[in-house]
Amino acid sequence: MEAKYGQIAENARINQAIYDCFIYLNEKEQGKFVKKFKKIPHQQIQVMHTFSELILGAYLAANDMRVEHERQIDGKTPDWSILDSALNVVAIVEMVYHHLDSGTEENICSQRQLGKSVIGYWPNSNDPNFLRLYSQIQEKASKYKTIITKIKIPLVVAVFMDFLSGVDVQETINCLTEGDDSLFKLYPDLSGVIHFEEANRGSYQFSYIENPFALRKIGIPSGCFA
């Protein structure tokens, strides 16, 4: 796609990837992201959060889903709404960005400031039971429970895994399904969870984990997006 909006992100690789994602979105949705990128400070975490939202929407659109970013629904603006041919909302997809805990990030920063060429850390050493991931997904499920119950459509939570976090798909599945307080049992309004991460430079692996207790089902394909 021609760079019709000029330079959107300071990082050249991310800038190109933004335009690659725009291929799958209409001009209205493109414009929303151009405004968001230009409004936020170009610090890594803020840019990557918005960038991962864009990748998610482009992946859904690339799989023949009509999507809209931040549509107003009962006073809330989910990251993505999936629409039918009449532009009615038929599902909501809300995203969380899962990165290292603050303690581990501070440890890495300290090692960098000391000039270490090799930085060592243990992912999730401060959260071995993935309680932070559990609470992130739970927060989204709780936030949209009233709306989902009212309009009776599927809710999907997508989790983008920062590569430093070291959380794989099986660990996400365990977080969702293990124990008497498993999220899937507690939240039957949560239709499923998308685990996605950068697999190789510029390509992203999506894995859809369906809730076996879901009140409403939706098929989200798993696959690679580049």
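Residues numbered from 1 in each chain as written. Predicted model: local features only at pLDDT ≥ 70, side-chain atom pairs only at ≥ 80, totals over all residues. Heavy atoms only, no water.

1. Things to note about the pattern of salt bridges
Right, so step 1: Inspection of every chain in the model, using the stated rule, returns twelve salt bridges.
Right, so step 2: A salt bridge links Glu 29 to Lys 32, with the shortest nitrogen-to-oxygen separation between them at 3.3 Å. Of this pair, Glu 29 and Lys 32 both sit in helix α2 (residues 27-39), three residues apart, roughly one helical turn.
Right, so step 3: Take Glu 29: its relative accessible area is 3%, and that puts it in the buried class.
Right, so step 4: A network of salt bridges, in which partner residues are shared, links Glu 29, Lys 32, Glu 68 and Arg 71. (Salt bridge = Lys/Arg side-chain N within 4 Å of Asp/Glu carboxyl O. Helix = DSSP H or I, 4+ residues; strand = E, 2+ residues; numbered from the N terminus. Buried < 20%, exposed > 50% of the residue type's maximum accessible area, 1.4 Å probe, protein only.)

2. Brief notes about the nonpolar core
Right, so step 1: Grouped together as the largest cluster of nonpolar side chains are 40 residues, with contacts concentrated most on Ile 18, Leu 56, Val 93, Ile 194, Phe 196 and Phe 206.
Right, so step 2: When sequence neighbours within four positions are dropped, the list of residues in contact with Ile 194 reads Leu 56, Val 93, Val 156, Val 157, Ala 158, Val 159, Phe 206, Ser 207, Tyr 208 and Ile 220.
Right, so step 3: Counting 26 residues, the second-largest nonpolar core is a separate cluster that includes Ile 137, Ile 153, Val 157 and Met 161. (Core = buried A, V, L, I, M, F, W, Y, C linked by side-chain atoms within 4.5 Å. Contact = heavy atoms within 4.5 Å.)

3. A closer look at the sheet that holds strand β1 (residues 66-69)
Within a sheet, each strand pairs with its neighbour through backbone hydrogen bonds, oriented either parallel or antiparallel.
Right, so step 1: The strand order β1-β2-β3-β4-β5-β6-β7 describes an open sheet built from seven strands, whose pairing is mixed. The open sheet has two free edges, formed respectively by β1 and β7 (223-225), since each of these has just one partner strand. For this sheet the average axis-to-axis angle between neighbouring strands, irrespective of direction, equals 25°.
Right, so step 2: As judged from the seven bridges shared by strand β3 (residues 89-98) and strand β4 (residues 155-161), these two strands associate in the parallel manner. The partner of Met 95 across the bridge, within β4, is Ala 158.
Right, so step 3: Against the sheet, helix α5 (residues 131-143) makes contact with β3, β4 and β5 (190-200), and its axis sits at roughly 150° relative to β3, the strand it touches most. (Pairing = 2+ DSSP bridges. Axes fitted to C-alpha atoms, helices over the stretch in contact; angles between N-to-C directions.)

4. A closer look at the environment of Lys 35
Right, so step 1: Within the secondary structure, Lys 35 sits in helix α2.
Right, so step 2: In this structure Lys 35 comes out as exposed when scored by relative accessible area, which is 62%.
Right, so step 3: Residues Lys 35 and Ile 8 lie 27 residues apart in sequence; the distance between their C-alpha atoms is 9.1 Å.

5. Overview of unusual backbone geometry
Right, so step 1: At Leu 87, a residue that is not glycine, the phi angle is positive and equals roughly 70°.
Right, so step 2: Mapped onto the elements of the fold, Leu 87 is located in the loop between β2 (80-83) and β3.
Right, so step 3: The partly exposed category is assigned to Leu 87, whose relative accessible area is 43%.
Right, so step 4: Although it is not a glycine, Lys 152 sits at a positive phi angle of roughly 55°.
Right, so step 5: Its location among the elements puts Lys 152 in the loop between α6 (145-151) and β4.
Right, so step 6: Judged by relative accessible area, which is 58%, Lys 152 ranks as exposed.

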